[in-house]
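Residues per chain, in single letters:
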Amino acid sequence: AQSVSQHNHHVILSEAASLELGCNYSYGGTVNLFWYVQYPGQHLQLLLKYFSGDPLVKGIKGFEAEFIKSKFSFNLRKPSVQWSDTAEYFCAVRRGLTGGGNKLTFGTGTQLKVEL
Amino acid sequence: SQTIHQWPATLVQPVGSPLSLECTVEGTSNPNLYWYRQAAGRGLQLLFYSVGIGQISSEVPQNLSASRPQDRQFILSSKKLLLSDSGFYLCAITRGTAYGYTFGSGTRLTVV
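Since the structure is predicted, the reported quantities are computational estimates derived from the model, not experimental observations. (Residues numbered from 1 in each chain as written. Chains lettered and ligands numbered in written order. Predicted model: local features only at pLDDT ≥ 70, side-chain atom pairs only at ≥ 80, totals over all residues. Heavy atoms only, no water.)

Once that is clear, we can look at the interface of chain B and chain A. Between chain B and chain A, the residue contacts involve 24 residues of the former and 19 residues of the latter. A buried area of about 1700 Å², summed over both sides, lies between chain B and chain A, and 55% of it is on carbon and sulfur atoms. For the chain B face of the interface with chain A, the top three residues by lost area are B:T97, B:Y101 and B:F103, together amounting to 35%. Here chain B and chain A share 1 salt bridge between them. The partner of A:K103 in a salt bridge is B:E59, with the nearest N and O atoms 3.3 Å apart. Applying the counting criterion to the chain B and chain A interface returns 5 residue pairs in polar contact (both at pLDDT 80 or more). (Contact = heavy atoms within 4.5 Å. Buried area = accessible area lost by both parts, 1.4 Å probe. Salt bridge = Lys/Arg side-chain N within 4 Å of Asp/Glu carboxyl O. Polar contact = N/O pair within 3.5 Å; in protein donor to acceptor, adjacent residues only side chain to side chain.)

Now for the packing of aromatic side chains. Enumeration over the complete set of coordinates arrives at 16 aromatic pairs over all chains. On the numbers, 5.3 Å between centres and 90 degrees between planes, the contact of A:F106 with B:Y36 is edge-to-face. In this pair, A:F106 sits in strand β11 (residues 104–106) while B:Y36 sits in strand β4 (residues 32–39), so the two residues belong to two different chains. Here A:F106 and B:Y36 have matching classes, each one buried. Ring-pair connections join several aromatic residues into one group, and the members of that group are A:F34, A:Y36, A:F51, A:F90, A:F106, B:Y34, B:Y36, B:Y49, B:Y101 and B:F103. The positively charged end of A:K49 is found above the aromatic ring belonging to A:F51, 6.0 Å away from the centroid. (Phe/Tyr/Trp six-rings, centres within 6.5 Å; stacked < 30°, edge-to-face > 60°. Helix = DSSP H or I, 4+ residues; strand = E, 2+ residues; numbered from the N terminus. Buried < 20%, exposed > 50% of the residue type's maximum accessible area, 1.4 Å probe, protein only. Lys NZ or Arg CZ within 6 Å of the ring centre and 35° of its normal.)

Our focus in this paragraph is the sheet that holds strand β8 (residues 73–78) of chain B. Residues and elements named next belong to chain B. Strand order in the open sheet formed by 4 strands is β1-β3-β8-β7, and the pairing between neighbours is antiparallel. In the strand order of this sheet, the two ends are held by β1 (3–7) and β7 (65–70), each with one partner. Recorded for the sheet is a direction-independent mean angle of 20 degrees between the axes of neighbouring strands. Where strand β3 (residues 19–26) lies against β8, 6 bridges are found, and the strand directions are antiparallel. (Pairing = 2+ DSSP bridges. Axes fitted to C-alpha atoms, helices over the stretch in contact; angles between N-to-C directions.)

Honestly, that's just the spatial picture; any functional story needs more than this.
Here it is as structure tokens:
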């Protein structure tokens, strides 16, 4: 079965520190990759997604992620975090196949806390 | 643009009582619909998905069921709630493989 792993469950950073959150998946075929963010008390929001093309994807709020096919990874990065980035971050993977319901499989999430 | 309406926002129900959560969609037709449950430390678990009216696929065996009586209506139900059904339930849609997903605002269910 396809799985998505986020190894960092809780991350605490100071403002202006750099961020990298790891995401690995187990499926070997074509995949679509997503990062979602959930700010306290708010909906899930899409940060960025990768379908094809340039493996370095730019998202909203200064986030980016790099798809490394050989490592089955899609790590999220931000050069300098802000207090307002405190949130829970979810990596998600969809198998790039027709049929099968277009199911999106999520990782367990990483809780990021940014301290002033 | 597509919009998801999900209600209620919070719900407290006794063990053994029935459940009905509704999700309706505007701004798109024939979407794929999903019910997810979010539990602390466990991420979002896919419970059910539907690719069309009356078509329901279950991802995990459980005390819940889903139905899609209309194209843009997705219902999550239970005849008798268990304590373990507590959680945050999210409805989501996508228009297909080339598109991303939109999530509803969720329902916080507490079974007491």
